[in-house]
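Listed below are the residues making up each chain.
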Amino acid sequence: MAISIAVETPLQDDVRSLVADLNDHLLPLSPVEFQFKMTVEQMAGADTTVFVARDENGLAIGCGALKEHGAGLGEVKRMFTRPTVRGQRVGSALLDAITAMAAEKSLTHLVLETGVGPGFDAAWRLYERSGFTRCGVVLDYPDSEHSAFYEKRLALTPAQ
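What you see is a predicted model, and the numbers here were worked out from it, not measured in a lab. Each chain has its residues counted from 1, following the order in which its sequence is written. Two thresholds apply to this predicted model, a pLDDT of at least 70 for residue-level local features and 80 or more for giving and counting side-chain atom pairs, whereas whole-chain, interface and lining totals are computed over all residues. Excluded from the side-chain calculation are hydrogens and water; included are all heavy atoms of the structure.

Caption draft 1: Spatial organisation of the side chain of serine 147. Only DSSP runs of H or I covering at least 4 residues are called helices, and only runs of E covering at least 2 are called strands; the numbering of each starts at the N terminus. Locating serine 147 in the fold gives a position in strand β7 (residues 147-153). Only protein chains enter the area calculation, which uses a 1.4 Å probe; residues under 20% of their type maximum are buried, those over 50% are exposed, and those in between are partly exposed. With relative accessibility at 6%, the residue serine 147 sits in the buried group. Between N or O atoms, a polar contact is any pair within 3.5 Å; within protein, one atom must be a potential hydrogen donor and the other a potential acceptor, and residues adjacent in sequence are included only when both atoms are from side chains. Polar side-chain contacts of serine 147 include one of 2.7 Å to the side chain of glutamate 113. Once residues within four sequence positions are removed from consideration, serine 147 is found in contact with Phe36, Glu113, Thr114 and Val116. The contact rule is simple, with two residues in contact once any of their heavy atoms fall within 4.5 Å.

And the structure:
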């Protein structure tokens, strides 16, 4: 399957639908108070870059976002691929694009929060295959049995 990944606004109907599907997917997996969602309006903020994966027909099949927190720190947010394309490395391609953008922006450290339990195993494998390692609580998230935290240090590249 040929896919394309591009930076796009989340304020498009098909991306809104993708984020709604993500929210629906997460709902039964952990308590609502431990689901740290960004709305599409928040995702459209100046501190966040949204990546959308599209298939050869232009259908939005996945998304992910890079939220900048300053001091070289970025956070991976809103990672999701439609169930019909899972296992086809769409998530890996999105995470690679996010990591590349973080490096371009001279970020040195990426973090993320994800859930714990059945339904999150594939996410854990994705993050670990992409060089993320488990860590303690990050940012202002609560320490909870419902959250797992990951980090990845990015190598600094010489200025051009």
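Caption draft 2: Fine view of the sheet that holds strand β3 (residues 60-70). Strands sit in the order β1-β2-β3-β4-β5-β7-β6 across an open sheet of seven strands; the sheet is mixed. Every interior strand has two partners, whereas the edge strands, β1 (3-7) and β6 (133-135), have only one. Shown here is a sheet whose adjacent strand axes are inclined to one another by a mean of 30°, direction ignored. Here the rule is simple: two strands pair whenever DSSP picks up at least two bridges between them. In terms of strand pairing, β6 meets β7 through three bridges, oriented antiparallel. Looking at the pairing, arginine 134 lines up with tyrosine 150 of β7. Axes here mean lines fitted to C-alpha atoms, for a helix over just the part in contact, with angles spanning 0 to 180 degrees between N-to-C directions. This element, helix α3 (residues 90-104), spans β1, β2 (48-55), β3, β4 (73-81), β5 (109-115) and β7 of the sheet and lies at about 160° to β4. Helix α4 (residues 121-129) contacts β4, β5, β6 and β7 of the sheet and is inclined by roughly 165° relative to β5.

Caption draft 3: Quick look at the pairing of β5. Among the seven residues of β5, seven are classified as buried, and the element is accordingly described as predominantly covered. Where β4 meets β5, three bridges bridge the pair, whose relative direction is parallel. Bridge assignment links glutamate 75 to a residue of β5, and that residue is valine 111. Handedness rule for crossovers: strands pointing away from the viewer, path from the first strand over the helix to the second running clockwise, crossover right-handed. Taken together, β4, α3 and β5 form a β-α-β motif whose crossover is right-handed. Two strands pair when backbone bridges link them, and β5 and β7 are joined in this way by seven bridges, in the antiparallel orientation. By the bridge assignment for β7, threonine 114 is matched with alanine 148.

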